[in-house]
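# Observations on the three-dimensional arrangement
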Amino acid sequence: MHRKWTKASKLSIVAVAALAATPSFPTELQDLHLNFQPRTEDEAARIADVTAAPEDFSVPQRFEDLPAGEATVRLRADADAFSQPSGNLEFEQELDFKVGNGLFKKIWVSSPSSTLASDGLGPLYNARSCQRCHIKDGRGHTPNGPQDSAVSMFLRVSIPGGAGQSEIADYVATQPEPNYGGQMQDLALPGHPAEYRLDITYTDVPVELLDGETVTLRAPTYTAADLGYGPLHPQAMLSPRVAPQMIGLGLLEAIPVGDILAKADPEDGDGDGISGRPNIVWSTEFDAPMMGRFGYKAGMPTILEQSAGAFAGDIGISSPLFPAAHGDCTELQENCVNAPHGDGDDRVFEIDQQGMDLVAFYSRNLGVPERRDADDPQVLRGKQVFHQTGCALCHTPAYVTHRMEDRPEHSFQLIWPYTDLLLHDMGEGLADHRPEARATGREWRTPPLWGIGLTQQVSGHTQFLHDGRARSLLEAVLWHGGEAQAARDTVVSMPKLDRDALIRFLESL
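### Some details on the confidence of the model for the chain
Per-residue confidence for the chain gives a mean pLDDT of 93; residues scoring 70 or more make up 94%. Scored below 50 in pLDDT, residues 1-11 shows 42 contacts in the model against residues more than four places distant or in partner chains. Low pLDDT, under 50, characterises residues 13-24; the predicted model gives this stretch 14 contacts beyond four residues in sequence or across chains.

Printed below as a string of structure tokens:
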């Protein structure tokens, strides 16, 4: 059994790096997915210096205009700004990127089909390809009215109880909903009813700012309507999800776990009101506890596992990690389980390991565009407001990734993602009341902010947060509660010039 882990106070980056290099460091806090060279104390000290908070806000920090280090890509003025390969990929690697992109865009079809390499869809599904949800590798959106589909949005579902994970402290046991599994699929093949239709209603919530301006938030209510397989369990917990943007994932995966844990403070030992803690999840890929990094509640530890989970749940495609050919169908959905699937040929799985590796490679290497206007006076003032307001306590600006010989494109890069990858209580307003591993129903992982100012350009909208309820960056800020309540209240009460500068800074990322 792996040692349980708790933490009472923040540690220095140097101290955590030293711990992580020792054989006794808990398995769940090691970077099992990476082949890296441990840092020396001198390197850790230099990294701590280069990633320290700025003292002078009159000029940009060095290399701030290159948010992904050498992997940064040039800024494009069209919707393909998030669809470029990492800027430092070798020529030979670009072929793998393009093949992975082809699999990411592939339209899957039902079985049996003469197109053997592409059959296996469903029978219940949310989309026919990865690209249908992650449109242009950017953010999904809420339905635009009752006639629009929810193709880039769905509901996760679970009920309390289950076996849990005795190896992981504070793990909150849940299990799939008996009729509907782990997520709700709103599309189905002919002869199979879809599981539901997503229905959203909004209630206006006015927020008055210091200068008399009123911002109207929209508070959503979600209903799983037109249920196709009977009523939901009385204790069913539903949580909405909009597809997140895809850029910079390989660099987030390469941040040393020790650097992330240096920010963790579950008991708020320093009294700053911020109590971030890591989500520890069971990795199917490594058959061990690992720190979660991906997903809105950090429920997945690696990009490969996240991708394979999406193939299974969103499209109904089996892989070596998730071998069920019927995807998320439950045992009570007998017609779905017994329907023809795409695993009846030499492939064994509907997408094999080579295919999954290529999709993961593509997902790791979607490049982060260069910063805009980092030296603009209003942007610099907004950056100062960002730090003084306390936003940077969770949205950690900078890291240096592991040194890795087998992943040179992600190796030892100074990056600026603006996230701590930790869980934070965000208050009742954003709570979904659905736990995920160690994450409670009020906790969410701090989302990266790089590229957020290009959302309109790439995705054609400005919808933010896990369910797209915020229609602007200001609305997203005003939804913050819990540990972020003080920062949110400061934004409400600050002069308009400072508030505008803060938003201008975020738009520059």
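### Considering the packing of helix α3 (residues 91-105) against helix α9 (residues 353-364)
Close contact between α3 and α9 brings their axes to 7 Å; oriented N to C, the two are set at 105°. The angle between α3 and α9 falls in the class roughly perpendicular. Residues Gln93, Asp96, Phe97, Val99, Gly100, Asn101, Leu103 and Phe104 of α3 form the contact with α9, whose participating residues are Gly355, Leu358, Val359, Phe361, Tyr362 and Ser363.

### Description of the environment of Ala48
Mapped onto the elements of the fold, Ala48 is located in helix α2 (residues 41-50). Separated by 350 residues in the primary sequence, Ala48 and Ala398 place their C-alpha atoms 9.8 Å from one another.

### Quick word on the packing of helix α7 (residues 303-315) against α9
Two numbers describe how α7 lies on α9: the axes approach to 9 Å, and their chain directions differ by 115°. The pairing of α7 with α9 is recorded here as roughly perpendicular in orientation. In this structure, α7 meets α9 at a crossing whose hand is right-handed. Between α7 and α9, the residues in contact are Ile303, Leu304, Ser307, Ala308 and Phe311 and Gln353, Met356, Asp357, Val359, Ala360, Ser363 and Arg364, respectively. By residue class, the composition of the contact of α7 with α9 is 7 nonpolar, 3 polar and 2 charged.

### Comments concerning the nonpolar core
Leu198, Phe386, Leu478 and Leu506 are the most contacted members of the largest nonpolar core, which has 56 residues in total. For this core, the secondary-structure elements that each account for two or more residues are β2 (153-160), β5 (197-208), β6 (214-225), α10 (377-389), α12 (473-478), α13 (485-493) and α14 (496-508). Here the element with the most residues in this core is α12; it accounts for 5 residues. Among all residues touching Leu506, those that are not within four sequence positions of it are Phe386, Leu449, Ile452, Gly453 and Leu473. Counting residues in hydrophobic clusters, the runner-up holds 52 residues, among them Phe82, Tyr125, Cys130 and Val368.

Cut-off values and rules
Residues numbered from 1 in each chain as written. Predicted model: local features only at pLDDT ≥ 70, side-chain atom pairs only at ≥ 80, totals over all residues. Heavy atoms only, no water. pLDDT = per-residue confidence, 0-100. Contact = heavy atoms within 4.5 Å. Axes fitted to C-alpha atoms, helices over the stretch in contact; angles between N-to-C directions. Helix = DSSP H or I, 4+ residues; strand = E, 2+ residues; numbered from the N terminus. Parallel < 35°, antiparallel > 145°, perpendicular 65-115°, else oblique. Left-handed = near helix turned anticlockwise from the far one by under 90°. Nonpolar A, V, L, I, M, F, W, Y, C, P; charged D, E, K, R; others polar. Core = buried A, V, L, I, M, F, W, Y, C linked by side-chain atoms within 4.5 Å. Buried < 20%, exposed > 50% of the residue type's maximum accessible area, 1.4 Å probe, protein only.

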